Amino acid sequence: MSSVQAKSDLVVEIDGLKNQKGQVCLSLFSSSKGFPSNGTQAVRSQCVKITSDAPQITFSNLRAGSYAVAVLHDANSDNQLNRNALGIPTEGFGFSRNPAIRAGAPKFSEAAVVVAGPNTSLQVQMKYLFGG
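In what follows, the accompanying structure is described.

Rules used in this analysis
Residues numbered from 1 in each chain as written. Predicted model: local features only at pLDDT ≥ 70, side-chain atom pairs only at ≥ 80, totals over all residues. Heavy atoms only, no water. Disulfide = S-S within 2.5 Å. Helix = DSSP H or I, 4+ residues; strand = E, 2+ residues; numbered from the N terminus. Buried < 20%, exposed > 50% of the residue type's maximum accessible area, 1.4 Å probe, protein only. Core = buried A, V, L, I, M, F, W, Y, C linked by side-chain atoms within 4.5 Å. Contact = heavy atoms within 4.5 Å. 1 Å grid on protein atoms, 1.4 Å probe; cavity = no way out; pocket = protein on both sides within 12 Å on 5 of 7 lines; lining within 4 Å. Points joined across faces, edges and corners; volume = space filled by probe spheres on them. Nonpolar A, V, L, I, M, F, W, Y, C, P; charged D, E, K, R; others polar. Phe/Tyr/Trp six-rings, centres within 6.5 Å; stacked < 30°, edge-to-face > 60°.

### Focus on the state of the cysteines
Enumeration according to the criterion identifies one disulfide in this entry. There is a disulfide in this structure between Cys 25 and Cys 47, and the S-S distance comes to 2.1 Å. Disulfide Cys 25-Cys 47: the torsion about the S-S bond is 110°, which places it as right-handed. Linking Cys 25 in strand 2 (residues 23-29) with Cys 47 in strand 3 (residues 44-49), this pair joins segments that are 22 residues apart in sequence. For Cys 47, a relative accessible area of 39% gives the class partly exposed.

Quick look at the structure:
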């Protein structure tokens, strides 16, 4: 019986963390709905305490398809992206496919990766607009 769809694992390696304070929080989206900041629209979310310079986080048992990952370096562990008075992020962040950050967050299509086969790996380069 080949009607059972194989599940995939997505391994996300996070590079460029400024320090090991707090945690990294990842939100996995399967469409543009809510991407990148509305975690309630994410297919999966998880926060992991930072214990290395390049942590790897795995999302297991995913259906094949397009996904985008939003990553937050939550240095003060308050489970949100802190911003200054102008609305500019004061904590580090990153996205799958590492799209250029212009006046706002990237579109889902700019960050989407195809997950297929047993394992898919991607690297997210963290960005810090301020000290971090």
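### A few points about the nonpolar core
Within the largest apolar cluster, 20 residues are counted, with the highest numbers of intra-cluster contacts made by Leu 10, Val 12, Ile 14 and Leu 26. Of all the elements in the fold, those that place two or more residues in this core are strand 1 (8-15), strand 2, strand 4 (56-62), strand 5 (65-74), strand 7 (113-115) and strand 8 (119-125). When sequence neighbours within four positions are dropped, the list of residues in contact with Val 12 reads Leu 26, Pro 55, Gln 56, Ile 57, Phe 59, Val 69, Leu 122 and Val 124. Of all hydrophobic cores here, the second largest spans 10 residues; its members include Phe 35, Ala 70, Phe 93 and Ala 112.

### Re the layout of surface pockets
For the largest pocket, the calculated volume is near 630 Å³. If you trace the largest pocket, you find 25 residues lining it, with Pro 36, Ser 37, Leu 72, Leu 81 and Arg 83 closest to the centre. Contributions of two or more residues to the lining of the largest pocket are made by strand 2, strand 3, strand 5 and strand 6 (93-95). Of the residues that constitute the lining of the largest pocket, the class distribution is 15 nonpolar, eight polar and two charged.

### Some words on the packing of aromatic side chains
This model, assessed by the stated rule, comprises four aromatic pairs. Both rings, one in Phe 35 and one in Phe 95, keep their centres 5.9 Å apart while their planes meet at 65°; by these two values the pair is edge-to-face. Of the two residues, Phe 35 sits in the loop between strand 2 and strand 3 while Phe 95 sits in strand 6, which places them 60 residues apart along the sequence. Under the relative-accessibility criterion, Phe 95 is labelled buried at 9%. Ring geometry for Phe 35 against Phe 108: centres 6.0 Å apart, planes inclined by 85°, an arrangement best described as edge-to-face. Of this pair, Phe 35 sits in the loop between strand 2 and strand 3 while Phe 108 sits in helix 1 (residues 108-111); the two residues are 73 residues apart in sequence, bridging distant segments of the chain. Neither Phe 35 nor Phe 108 differs from the other in exposure class; each is buried. Three or more aromatic residues joined by ring pairs form one cluster here, namely Phe 29, Phe 35, Phe 93, Phe 95 and Phe 108.

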